[in-house]
Amino acid sequence: MRTHRCGRRRVVLAMLVTGGMLAASCRSGKSLTNAGIERKPAPTTAATVPVSTLPGETLPPGQTVPTIPPTAPPTTLPALLDTLPRCNTAALNSASAPVQITFWHGLANELGVELQTLTGQYNSSQTKVHVNLEFQGGYDQTIDKYLQSNSATRPDMVQMPEYMVQQMIDTKSIVPAQACAESSKYDLSPFLPQALGAYATQGVQWSMPFNMSVPVLFFLKARFAAAGLDPNSPPGTLEQLLAVGKQIVSSGASKYSISLDSDFDGGGGWYVEQWLAKGGEFYADNQNGRAAPATRVLYDGPAGVQLLTFLKSLVTDGGAVYVGDNASGTDTLLKLADATEPAAMTIATSASLGPILAFVRGGIIPGITEDQVGVGFMPGPGGGPGALVGGASLYVVAGKGDAKAAAAWDYIKFLESAQAQSDWAAATGYIPVRQDALSLDPIKSLYVSDPRFKVAYDQLLGSKDGPTSKGPVIGPLLQVRKVTAAAVATVLTGGDPQTALSAAARQADDLISNYLLQNP
Amino acid sequence: MAIDQVTGARRIGRYTLLMVAAVIVFFPIYVMLVGAFKPGNKVLIDRLLPTNVTLDTLRQAWREGNLGRALWNSVVVSVVITVAQVATSVLAAYAFVFLTFPGKAIVFAIFLATLLVPLEATLTVNRHIMQQLNWLNSYRALTVPFLATAFGIFMIRQVFLTIPKEMREAASMDGLGHFGFLGEVAVPLSRPTIGAFALFSFLTSWNSYLWPVLVTTKSDYNTVQTGLKALKLASLDRPNLVIAGTVIVALPIFVMLIAFQRQLIRGLTAGAVKG
Amino acid sequence: MKKRRWRDFGLAGLMLGPSAAVLSLFVIYPLVKAVWYGHQRCDASLSKCRTTSWHQYIDAFRSNEFQDSLIVTLKYALITVPIGLVLGISLAVLADKHIKGIGIFRTIFSSTVATSVAVASVMWFFLLNPSVGILADWLGGSAKTPGLLQKQGLALWAVSASSIWANLGFTFIVVTAGLQSVPKDLYESAYVDGANGWSRFTNVTLPMISPTLLFASVVLVTRAFQSFGEIDLLTAGGPKGETTTLTYLAYGQGLATSNDGGLRATVSVLLFFVLLILALVQFRGLEKRVHYGN
């Protein structure tokens, strides 16, 4: 019996020792993403990037590149499109049986239900194409599964969020939307230029915007009123946000003023890009990667530090509550509905509006009614409108045969139609991607009867046109956002903004140069 | 039996402790059960009391989560894996115990060594193999890599070793071939161990999570575990729906637990059997 | 003699064939291949790879992410295994009496064995959810804002709570079986010797069930090191990587590894070595037990 207990003790001891040994002092301080890669000094890495027209060095933060137009010179334009997979939209006419296509998407909850409704309408409206919707669990899962697939296992069509543009191009697995549009003589003129521009680089329209959103401020009017604030004028500037927050908390109208998160697709990443754009700043060099491939991020400059310092002060002085990385995507919003320790405001994608109203309408939260939910522009530097396009777009997958591509394009045309966009926007809170959808019901009358739905539209359309008003195009933008989000989390829990951002920027730069090495 | 007798105050004390422990252990299950029978807009009301009881939520979860299909997939996959693992393990174990062939020790050592390779070390390549074979989204992908396991071979070999060699010799004299001996003597003698292993193998494949996540992109091939994951991701705004889903998914194994309690204990303690 | 040795060769091949095929195709070959991929950097689908150097393993091992995950995993095992064992033993001892209604209690105590990782995790996700979870409301404080699963410093404990609960049924069943195999006369003689309840427990029960406990702890440690589902469903590795275990680092969503099949292979092979060391350590423990059995 003695040997046993001894043996047991030894097992535990050995475990501890091994564990301790493994974990002890062999940490290199480097990121996993650099494993196996010889890290050269930064200028050398930059030189390997094909930026022939740039004078060698990258530019200081904020400086624009006057010599480079925002898109590639028109002379190379036909050349690039000609090298890409073609789209023979006439192939659908010669298909005898209905063409079955698989469509991977990442829309959950209400949004997924609405997409099912639209797809059902499409499937029953014609006999040439049948769309099989496959929900992959969210954008994250859709991305991972798509990138891990090969030409045989990819779907015929896929929805990808806005931060995936460059990576999708680099998979060399897509039929550019422009090819299909040209083949079918599809008229792109009714579309909002912002919507198309987000998914066009190097003069090619890669995908079609479908669900377009921007972050907006959600607030509860009753709590504003209880704090003696005007429930019809939400804060616009960051200074106002801080002041309003203080008043909400000190008046006791709500335990917290605003709920903040560090989701990479929210407060930790997407909003950072939005805030920098609102402040007229670039997020990455080479004009956000639109003049030439971005080689490094610029958010660790003074503007970024100032922004995060402000967010930190919101938590320390402004009564804001940090709810973590919002992994479920609903934590910030649910904080408004909290029974005992609620917040009065949050920032969330405009696409939450429809789901929130449906949620509240069901009577799930005692004491909160539909008309109490207020929507305002996302507060930012300088206040006022202005936003980068968010949401997702639709890609036709290459290598599936002409009929499938043509079928996918037919379905895309349905989803892009003015009527479908009107229905979709009214049900969700997304912004219609085309102007003429606004003259059709239900969105036409909804924008009048419930102006909350129009806030996102006005915010996007109010963007000043300039080089910083187009979001960053970076291959590993998803990963870059994740390291940025970690920095935001550090700051919101008390860390130093400059230190956190500098560390994140270094990791982001590594990610970018590794990506360029892998995708020359 | 003096010490087994519990009387008076100590008896009340023990019952109290048992009750407290039972309430704590059962609490999460109870909360889920209550939630599963509530309509969508009442999940936050009376979270501990079965008020507003309805079957709608369960029905809706069943429909929207496509849980019928998921249950069927899980049954098919788990049964195929279990039957195959039992068959391959019994055959291999028999060879290792009753057959003479050169290199037996080395082959056995190699087989045994595969026990040290965790699933997690091979998943990346295995997924790649499935993709190359174009097997993603199929029962083949969900079952084929698991049709044999060194654990089963080892466990059944241990019990075959306890069968006296003389029995084999006697059977051989009676004209009973290897397969005859296997079917009529070795397997019947080892039935409890084989049953325990079968249950173990069934539970393992039923509960498998990471592999199905990696090799399926179609909801038609969801198992109950990945179906539940999908339901959670798709319906976070309707917690009661997901809660109802967990109840549906857990139910078959609860029924099994009650029906096969003894075998289950054997199955779970399978690794602990001597040897 | 030679002939005798080869006597059953064909039949052995037939009987071993299926197992050998499966094990070599889906265990041995993938492992070897993974070791190879491990010194390459690839795209996510492993279709485009370029060889770096074997140093990639060392780089990966020493990287912040791997070291952090290793510590997270060790912590997770050190939380879940001892607490799980103590609770399992307590329940088993408590229920190890032939009194009226004990069957119901035993069923309840073993009931969590029916919950898979996915089921248990989804249940706890809702119990702990700061907005709809009843436990979050009861606990208040950090459980409410931002919620235990989101709170740095507590998230790993919250995941552990879920996992301890989910494994309780298993531990209870195994320990109960162990207790029932302890000969009753040992207790009798201890009782006659005047040993009280606690000393009977430490001097008779614990040593007698130590093989069972060893087995249970081996299983629990292995489960802790291979935990994926609970992380995936409860925290997705957050907050700030505090619940990113080794398995999650290799297979989680949107991590450095999910974009690079080579790096995923590197991490999974390293995970294999960590588990191998662990297995060898545990094997020594098991060896002791076998000696005891003899």
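On a predicted model such as this, the values are computed, not experimentally measured, just so you know. (Residues numbered from 1 in each chain as written. Chains lettered and ligands numbered in written order. Predicted model: local features only at pLDDT ≥ 70, side-chain atom pairs only at ≥ 80, totals over all residues. Heavy atoms only, no water.)

Q: What should I look at first to understand the interface of chain A and chain B in this one?
A: Often, the extent of an interface is quoted as the loss of accessible area upon association of its parts. On the chain B side, the residues contacting the 21 residues of chain A number 22 residues. Surface buried jointly by chain A and chain B totals about 1800 Å² across both partners, of which 50% is contributed by carbon and sulfur atoms. The interface formed by chain A and chain B contains zero salt bridges. The set of elements that each furnish at least two residues to the side of chain A that touches chain B consists of α5 (109-125), β2 (129-135) and α6 (139-148) of chain A. Across the side of chain A that touches chain B, the residue classes tally to seven nonpolar, 11 polar and three charged. (Contact = heavy atoms within 4.5 Å. Buried area = accessible area lost by both parts, 1.4 Å probe. Salt bridge = Lys/Arg side-chain N within 4 Å of Asp/Glu carboxyl O. Helix = DSSP H or I, 4+ residues; strand = E, 2+ residues; numbered from the N terminus. Nonpolar A, V, L, I, M, F, W, Y, C, P; charged D, E, K, R; others polar.)

Q: Help me understand the packing of helix α12 (residues 224-234) of chain B against helix α13 (residues 239-259) of chain B, please; the structure alone is not making it clear to me.
A: Angle between the axes and distance between the axes: these two values describe a pair of packed helices. Residue and element names in this part refer to chain B. Here α12 crosses α13 at 175 degrees, and the two axes come no closer than 9 Å. As judged from the angle between their axes, α12 and α13 are roughly antiparallel. Between α12 and α13, the contacting residues are Val224, Leu228, Leu231 and Lys232 on the first element and Leu241, Val242, Gly245, Thr246 and Val249 on the second. Its residues placed into classes, the contact of α12 with α13 shows six nonpolar, two polar and one charged. (Axes fitted to C-alpha atoms, helices over the stretch in contact; angles between N-to-C directions. Parallel < 35°, antiparallel > 145°, perpendicular 65-115°, else oblique.)

Q: I'm lost on the interface of chain C and chain B in this one. Help?
A: At the junction of the two partners, chain C supplies 90 residues and chain B supplies 88 residues. Taking both partners together, chain C and chain B bury about 8100 Å²; carbon and sulfur atoms supply 77% of that area. For the pair chain C and chain B, the interface holds two salt bridges. The salt bridge partner of Asp232(C) is Lys229(B), with a shortest N-O separation of 2.6 Å. Where chain C meets chain B, there are 17 residue pairs in polar contact (both at pLDDT 80 or more). No other element matches helix α2 (residues 9-37) of chain C, which puts 20 residues into the side of chain C that touches chain B. A breakdown of the residues in the side of chain C that touches chain B according to their chemical character gives 60 nonpolar, 17 polar and 13 charged. (Polar contact = N/O pair within 3.5 Å; in protein donor to acceptor, adjacent residues only side chain to side chain.)

Q: Sorry, what's going on with the confidence of the model for chain C here?
A: Interpretation of this model should avoid reading the predicted coordinates in detail wherever pLDDT is low. Residues and elements named next belong to chain C. The predicted model of chain C has a mean per-residue pLDDT of 88, with 95% of residues at 70 or higher. Confidence drops under pLDDT 50 across residues 290-294; counting only partners more than four residues distant or on other chains, this segment forms four contacts. Under the prediction, the complex receives an ipTM of 0.88, its pTM being 0.87. (pLDDT = per-residue confidence, 0-100.)

Q: What is the right way to read the pairing of strand β9 (residues 256-260) of chain A from this model?
A: Put simply, side chains in a regular strand alternate between the two faces of the sheet. Residue and element names in this part refer to chain A. The element β9 is largely enclosed, with a buried count of five among its five residues. When β9 meets strand β10 (residues 321-322), the two strands line up parallel, connected through two bridges. Bridge pairing in β10 links leucine 260 to tyrosine 322. (Buried < 20%, exposed > 50% of the residue type's maximum accessible area, 1.4 Å probe, protein only. Pairing = 2+ DSSP bridges.)

Q: What should I look at first to understand the domain arrangement of chain A in this one?
A: All names here are of chain A. Partitioning chain A into structural domains gives domain 1 (83-213 + 388-440) and domain 2 (215-385 + 470-518). Placing a centre on the C-alpha atoms of domain 1 and another on those of domain 2 gives a separation of 28 Å. Between domain 1 and domain 2, the residue contacts involve 22 residues of the former and 26 residues of the latter. Summing both sides of the interface, domain 1 and domain 2 together bury roughly 1900 Å²; the carbon and sulfur share of this comes to 57%. Applying the counting rule to domain 1 against domain 2 returns two salt bridges. Measuring nitrogen to oxygen at the nearest pair gives 3.7 Å for the salt bridge that ties lysine 482 to aspartate 140. Mapped onto the side of domain 1 that touches domain 2, the elements with two or more residues apiece are α5, α6, α7 (165-170), β5 (200-201) and α18 (418-428). A breakdown of the residues in the side of domain 1 that touches domain 2 according to their chemical character gives 10 nonpolar, eight polar and four charged. (Domains from an automatic or database assignment.)

Q: Is there a simple way to think about the side chain of Gln159(A) in this case?
A: Residues and elements named next belong to chain A. Examined against the element boundaries, glutamine 159 turns out to sit in strand β3 (residues 157-161). Here asparagine 211 takes part through its side chain, which lies 3.3 Å from a polar atom of the side chain of glutamine 159. Non-local contacts of glutamine 159, meaning those with residues more than four positions away in its chain, are made with Phe103, Trp104, His105, Gly106, Leu107, Tyr139, Thr142, Phe210, Asn211, Ala392, Ser393 and Leu394.

Q: Teacher, can you tell me more about the packing of helix α4 (residues 64-94) of chain C against helix α8 (residues 155-180) of chain C here?
A: All names here are of chain C. It is the contact of α4 with α8, at a shortest axis distance of 7 Å, that shows an interaxial angle of 40 degrees. In terms of orientation, α4 lies oblique with respect to α8. Along this stretch, α4 crosses α8, giving a crossing that reads as right-handed. (Left-handed = near helix turned anticlockwise from the far one by under 90°.)

Q: Can you help me understand the environment of Leu264(B) in this one?
A: Position of Leu264(B) relative to the elements: it lies in helix α14 (residues 261-268). Residue classification places Leu264(B) among the buried positions, given a relative accessible area of 5%. When the C-alpha atoms of Leu264(B) and Ala196(B) are compared, they prove to be 7.1 Å apart, with 68 residues separating the residues in sequence. Among all residues touching Leu264(B), those that are not within four sequence positions of it are Leu199(B), Leu203(B), Leu257(B), Val113(C) and Ile173(C).

Q: Mind showing me how you'd approach the environment of Asp458(A) here?
A: All names here are of chain A. Checked against the element boundaries, aspartate 458 lands in helix α20 (residues 455-461). With 73 residues separating them in the primary sequence, aspartate 458 and proline 385 have C-alpha atoms 7.1 Å apart. Not counting residues up to four positions away in its chain, the partners in contact with aspartate 458 are Phe377 and Pro385.

Q: Explain the state of the cysteines here, please?
A: By definition, a disulfide is the covalent link that joins the sulfur atoms of two cysteine residues. All names here are of chain A. With the rule as written, the count across this model stands at two disulfides over all chains. Put simply, cysteine 87 and cysteine 180 are joined by a disulfide, and their sulfur atoms are 2.1 Å apart. Taking the torsion about the sulfur-sulfur bond, which here is approximately 95 degrees, the covalent link between cysteine 87 and cysteine 180 counts as right-handed. Taken together, the positions of cysteine 87 in the loop between α3 (77-83) and α4 (91-94) and cysteine 180 in helix α8 (residues 177-183) put the pair 93 residues apart, joining distant regions of the chain. (Disulfide = S-S within 2.5 Å.)

Q: Which parts of the structure should I look at to understand the pattern of salt bridges?
A: Side-chain pairs of opposite charge can arise whenever the charged atoms involved come near each other. Under the defined criterion, the tally for this structure stands at 17 salt bridges over all chains. When the shortest N-O distance is used, the salt bridge between Glu162(A) and Arg481(A) registers 2.7 Å. Here Glu162(A) is found in the loop between β3 and α7, whereas its partner Arg481(A) is found in helix α21 (residues 477-492), with 319 residues between them in sequence. This pair shows no difference in class: Glu162(A) is buried, exactly as Arg481(A) is. Put simply, Lys335(A) and Asp338(A) hold a salt bridge, and the shortest N to O gap is 3.3 Å. Here Lys335(A) matches Asp338(A) in class, with each residue buried. A single network of salt bridges, built from pairs that share partners, joins Lys335(A), Asp338(A), Arg47(B), Asp137(C) and Lys144(C).

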